Each structure stands twice: as C-alpha cells, then as structure tokens.
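Chain by chain, the residues:
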Amino acid sequence: QGNLDIYTVSPAGGVPRRVTTHSATETPWTFTPDGKSILFTAQIQDPSSSALFPKSSMTELYSVDVEGGRPVQVLATPAEEVSFIGKSDAFVYQDCKGGENIWRKHHTSSITRDLWKYEDGKHVKLTSFEGEDRCPRVSADGKTVYFMSERDGSFNVYSFPLADPSKVTKMTRHKTHPVRFLTVSRDGVICYGYDGDIYVNDGTSRKLSVSISSDKSDKDVAVLSVTGGGDNDLSKDGKQIAFISRGEVFVTSTEYGTVKQITDTPAAEADVVFSPDGKTLAYASEREGIWNIYTAELAHKEDVLFPYATVVEEKPLFKNNKIDRRGPVFSPDGK
C-alpha cells in the first residue's frame, strides 16, 4: 500500500533490493548506458524557475545510483519512456503535456504525446502527429528510433532514422487491438504485446509460446488467510465444510483446523456442494471462457474425508461445453 518505489532484482530471480525511499511515486524507465544509474520520473520538487501545475502526472526526471542514495534531477519537465542514444548522454523520450489515461485509444487533443530528443541541454521535437506517438526505443547503434503510434488506426510499431524523423516506416500491421509494451533487442528484434500475447518481429511478426517458471524453492511455503463466505456447503455427516475463497475450492474439517485446497486455477470457481456420502464435490468453474460443472472425487478408498485426502481426481461433467452451467445440486441418492 502507499506510494510506489523502485527496486532492482537479478534476471535470474532472487530477493529484490530497494533503491528509492521517497514518499512520491517513482516510475523507472531505463538504466544509463554504463548500467550504474536508473532514470525515473516522480513528482518530487519543481525548481522555482520551472514550476508546473502541481499534478501527479506532471513529473520531473531524476537519476539515482543502482545501489540507492540521493536522486539527482535531470530535467524539471516531464520526460517518460526514456531511451538512450547509443552510449552517449543523449536520449529520446515522450513528453507529457497533461493528465491522460495511458490506455485511452484513438485520442486526439492538445495533450497527446510526442517524441523528443534531449542532447547537450537542448530539446528537439521529433514528431508532430495530432494523435499519440509513444514509447520511443532507440536501436543499439543509435541510428533508428522505434515507437508506437495511432497514425493509421490502432497502435502499431513504426520507425524513423534519428537523422531524419520525417521518414517514418510502418513496422507492424495489426488491426482491432492496440500494440503495447514495445522493446527492441540489441540486434534489432522488436518485441511487444498484442491482444494478451507476446510477439517478436525481425522482418515479420510472430507470436511467442511462453512458459513461466517460479523462482521459489520447494521449501518456500505460502501462508494465506482464507475465509468462507456465503458460498459454502456442510457435508451430511457434519464433518466437512466446503467453501470458496479467492476463487478456489477449499474443504476444512469441523473437528480440526485442517484445510485442503481442491482447485488451483486462474478461473473462478463457485457454487460448491457435497454429494450425500461426502466423497464427491460438485462446483461450477469458468474455464475456457464459459461456466461448466466439475466434480472432484476421493481417488483412494482409504481416504474418507477431503481435508486429509492424498489424491483428489477432478473432471468436467460436460464435454464440448458451449452453454453456461452453474448451481449443481445432488439428488438424494447421489446419482
């Protein structure tokens, strides 16, 4: 809770290290070319010679050592999405002329973002499109600027030579949804987000297949506080209570403090009920974008209660599901 601060962490994972401690919200943009400092924006202090309207979106640009310490003000005016030009102190950035939601689409007004170059104390405007030009990324050789723009419908990736910003080339041709989160590798491969997926472009765009690995060891244990709400059910023998918490199905014993998590999915689960013999659970789950009924059964005969079960087998009740189904109820004989 509270304001956002900047942390560093190894690409291999590990314990984050705190860099900033100010009560303002800091947003990191990039490392300096030597890797020793971080450039970030925050509303900390406007100099009297350049005082802007006191609004959180109207920030200043700062530099701080990667080990932490006192920040140094680089610019008194907002400079976002900073990208350095080669190994020099010059950089390209997007301006901020006022408060505007970054997720807004097809926005044209006097405060849409433009791209600028800052070098030797001078600001040079690079784009003048009436809509949004955002997220500049300078190539490793410092000769090309890649950026996102809505100059031809939804956000796509464009580029221009830094020596001649008027020569704009369209790099991607996605429709319907906006391109987001642009980055460029050292060898010139573009990477970005589109419609919830990650794409790369080295001449043509292709979607990546992504797998996520945890950096936690098997010894790490997450302790969560779970509470049952109105969505719960008591087994017929009164020894088990099934309930929904954090969108998952749990079962606890009424005699001891043992709790077993039955589901672990990104989808929501709801409407959990026991079978008459207490050995099967039925519940609704919104997987694959539609509600279906699932059952969970005790897999081993020696297991009597869910809270102490070694193996629980889950399966969908309906296959090729195309209709929302919720609110399962068992018949008295459990069939």
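Provided above is the structure to which this section pertains.
Right, let's walk through the structure included here. If you're wondering where the values come from, they're calculated on a predicted model, not measured in any experiment.

Reading guide: rules and limits
- Going along each chain's sequence as written, the residues are numbered from 1 onward.
- Totals for whole chains, interfaces and linings use every residue, but because this is a predicted model, local features are given only for residues with pLDDT of at least 70 and side-chain atom pairs only at 80 or more, for both listing and counting.
- The basis for every side-chain value is the complete set of non-hydrogen atoms in the structure, without hydrogens or water.
- Any two strands between which DSSP finds at least two bridges are classified as paired.
- Secondary structure is summarised from DSSP: a helix means a run of H or I of at least four residues, a strand means a run of E of at least two, and numbering begins at the N terminus for each.
- Every axis corresponds to a line fitted to the C-alpha atoms, with the helix fit spanning only the stretch in contact, and the corresponding angles, defined between N-to-C directions, vary from 0 to 180 degrees.
- For every residue, the accessible area (1.4 Å probe, protein chains only) is compared with the maximum for its type, and the residue is labelled buried under 20%, exposed over 50%, or partly exposed between those bounds.
- Using only the protein atoms, space was sampled on a 1 Å grid; points where a 1.4 Å probe fits but cannot get out form cavities, open sets with protein on both sides within 12 Å along at least five of seven lines form pockets, and lining residues are those with an atom within 4 Å of a point.
- Grid points are joined across faces, edges and corners, and a volume is the space filled by probe spheres set on the points.
- Note on residue categories: nonpolar means Ala, Val, Leu, Ile, Met, Phe, Trp, Tyr, Cys or Pro, charged means Asp, Glu, Lys or Arg, and polar means any other residue, Gly included.

**Considering the sheet that holds strand β22 (residues 259-261)**
- Spatially, four strands are ordered β19-β20-β21-β22 in an open sheet, and the strand pairing comes out antiparallel. Looking at the sheet topology across the chains shown, the edges are occupied by β19 (232-234) and β22. Direction aside, neighbouring strands of the sheet carry axes that sit 20° apart on average.
- As paired elements, β19 and strand β20 (residues 240-245) share three bridges and run antiparallel to each other. Within β20, the residue paired with aspartate 233 across the bridge is alanine 242.

**Overview of the pairing of strand β13 (residues 156-161)**
- Summarising burial for β13: five of the six residues are buried, a large majority.
- Taken together, the six bridges between strand β12 (residues 144-149) and β13 define a ladder with antiparallel strand orientation. In the sheet register, tyrosine 146 faces β13, and the bridge partner there is serine 159.
- Of the pairings in the sheet, the one linking β13 to strand β14 (residues 169-170) comprises two bridges and is antiparallel in character. In the strand pairing of β14, tyrosine 158 is matched with lysine 170.

**A look at the layout of surface pockets**
- Computed from the structure, the largest pocket encloses a volume of approximately 770 Å³.
- Taken together, 20 residues line the largest pocket, and the ones lying closest to its centre are Thr30, Ser83, Val138, Val184 and Arg186.
- Across the lining of the largest pocket, the residue classes break down as eight nonpolar, eight polar and four charged.
- The volume enclosed by the second largest pocket comes to roughly 550 Å³.
- Thr27, Trp29, Glu80, Glu81 and Ile102 are, among the 27 residues lining the second largest pocket, the residues nearest its centre.
- Residue assignment for the lining of the second largest pocket shows that the elements contributing at least two residues are β3 (27-31), β4 (37-42), β7 (80-84), β11 (133-138) and β15 (179-184).
- Residues of the lining of the second largest pocket, tallied by class, amount to 10 nonpolar, 10 polar and seven charged.

Everything listed here is a matter of coordinates, which is why it stays silent on function.
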